[in-house]
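Residue-level listing of the chains:
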Amino acid sequence: MEKLTQQEEAAMLSIWKTGKGFVKDFLENHPAPAPPYTTLASTIKNLEKKGYLESRKVGNVYEYTPVIEEVTYKNKFMSGFVKDYFENSYKELVSFFAKEKKISPDELKEIIKMIENGNK
């Protein structure tokens with residue numbers, strides 16, 4: 001599985017949110033600022049070439065369906081991120097955000113509860 005560019009990741013987020021659909025559907029769910037239609041269409045074609053999407057022609061347009069699930073992508077690349085930047089330690093990751101004041105004590109307590117409850 002190939003790592004996506006920021007532009008491709010933004011497109012995939014709108015595609016995962018939408019499910020299967022057409023470029024215009026993905027454009028509606030795209031985070032602001034949304035790219036021009038033609039730019040998104042080109043990005044979607046690249047995602048299809050990379051194996052993230054499949055398409056079928058419906059009249060004059062293509063309907064796209066995600067092949068890679070969002071959770072699969074996140075698991076693959078978060079693991080690599082933690083390995084590369086935090087010595088393969090999620091503790092180091094959380095510690096980094098705590099030191100940088102990017103996570104509040106209440107959020108940390110919530111994470112601890114999730115862990116203790118088996119993420120229920």
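Residues numbered from 1 in each chain as written. Predicted model: local features only at pLDDT ≥ 70, side-chain atom pairs only at ≥ 80, totals over all residues. Heavy atoms only, no water.

Novice: Mind showing me how you'd approach the overall build of the protein chain here?
Specialist: Helix and strand counts for the protein chain come out as 6 helices and 2 strands. Counting from the amino terminus, the protein chain carries its helices and strands in the arrangement α-α-α-β-β-α-α-α. Along the first, second and third principal axes, the C-alpha set of the protein chain runs to 55 × 25 × 25 Å. Classification of the 120 residues of the protein chain by burial places 24% in the buried group. For the protein chain, the proportion of contacts with a sequence separation of at least 24, taken over those separated by at least 6, is 45%. Across the protein chain, 19 positive and 18 negative side-chain charges occur, with their mean positions spaced 1 Å apart. (Helix = DSSP H or I, 4+ residues; strand = E, 2+ residues; numbered from the N terminus. Buried < 20%, exposed > 50% of the residue type's maximum accessible area, 1.4 Å probe, protein only. Contact = heavy atoms within 4.5 Å. Lys, Arg positive; Asp, Glu negative; His and termini not counted. Charge placed at Lys NZ, Arg CZ, Asp CG, Glu CD.)

Novice: Please clarify how the layout of surface pockets should be interpreted in this entry.
Specialist: Unfilled space is identified by rolling a water-sized probe across the atoms. Volume-wise, the largest pocket comes out at about 190 Å³. Taken together, Lys 3, Glu 9, Tyr 73, Lys 74, Phe 77, Met 78, Gly 80, Phe 81, Asp 84 and Tyr 85 make up the full set of residues lining the largest pocket. Looking at which element gives the most residues to the lining of the largest pocket, the answer is helix α4 (residues 70-85), with 8 residues. Per-class residue counts for the lining of the largest pocket are 5 nonpolar, 1 polar and 4 charged. (1 Å grid on protein atoms, 1.4 Å probe; cavity = no way out; pocket = protein on both sides within 12 Å on 5 of 7 lines; lining within 4 Å. Points joined across faces, edges and corners; volume = space filled by probe spheres on them. Nonpolar A, V, L, I, M, F, W, Y, C, P; charged D, E, K, R; others polar.)

Novice: Would you take a moment to explain the pattern of salt bridges for this structure?
Specialist: Taken as a whole and judged by the stated rule, the model has 7 salt bridges. Residue Lys 50 pairs with Glu 8 through a salt bridge whose shortest N-O separation is 2.7 Å. One end of the pair, Lys 50, is in the loop between α3 (37-49) and β1 (53-58); the other, Glu 8, is in helix α1 (residues 6-18), with 42 residues separating them in the sequence. Residue Glu 8 is classed as buried on the basis of its relative accessible area of 6%. One salt bridge connects Arg 56 with Glu 63, and the closest N-O pair in it is separated by 2.9 Å. (Salt bridge = Lys/Arg side-chain N within 4 Å of Asp/Glu carboxyl O.)

Novice: Even after reading the chapter, I still don't get the packing of aromatic side chains, so can you show me in this structure?
Specialist: Describing an aromatic ring pair means giving the distance of the ring centres and the angle of the ring planes. On inspection of all chains with the given rule, the structure shows 8 aromatic pairs. Judged by centre distance (6.4 Å) and plane angle (40 degrees), the rings of Tyr 62 and Tyr 64 are tilted. For Tyr 62, a relative accessible area of 34% puts it in the partly exposed group. Taken together, the ring pairs in this structure connect Phe 81, Tyr 85, Phe 86, Phe 96 and Phe 97 into an aromatic cluster. Directly above the aromatic system of Phe 77 lies the positively charged group of Lys 3, at a separation of 5.4 Å from the ring centroid. Between Lys 45 and the ring centre of Tyr 62, over which it is positioned, the NZ or CZ distance is 4.3 Å. (Phe/Tyr/Trp six-rings, centres within 6.5 Å; stacked < 30°, edge-to-face > 60°. Lys NZ or Arg CZ within 6 Å of the ring centre and 35° of its normal.)

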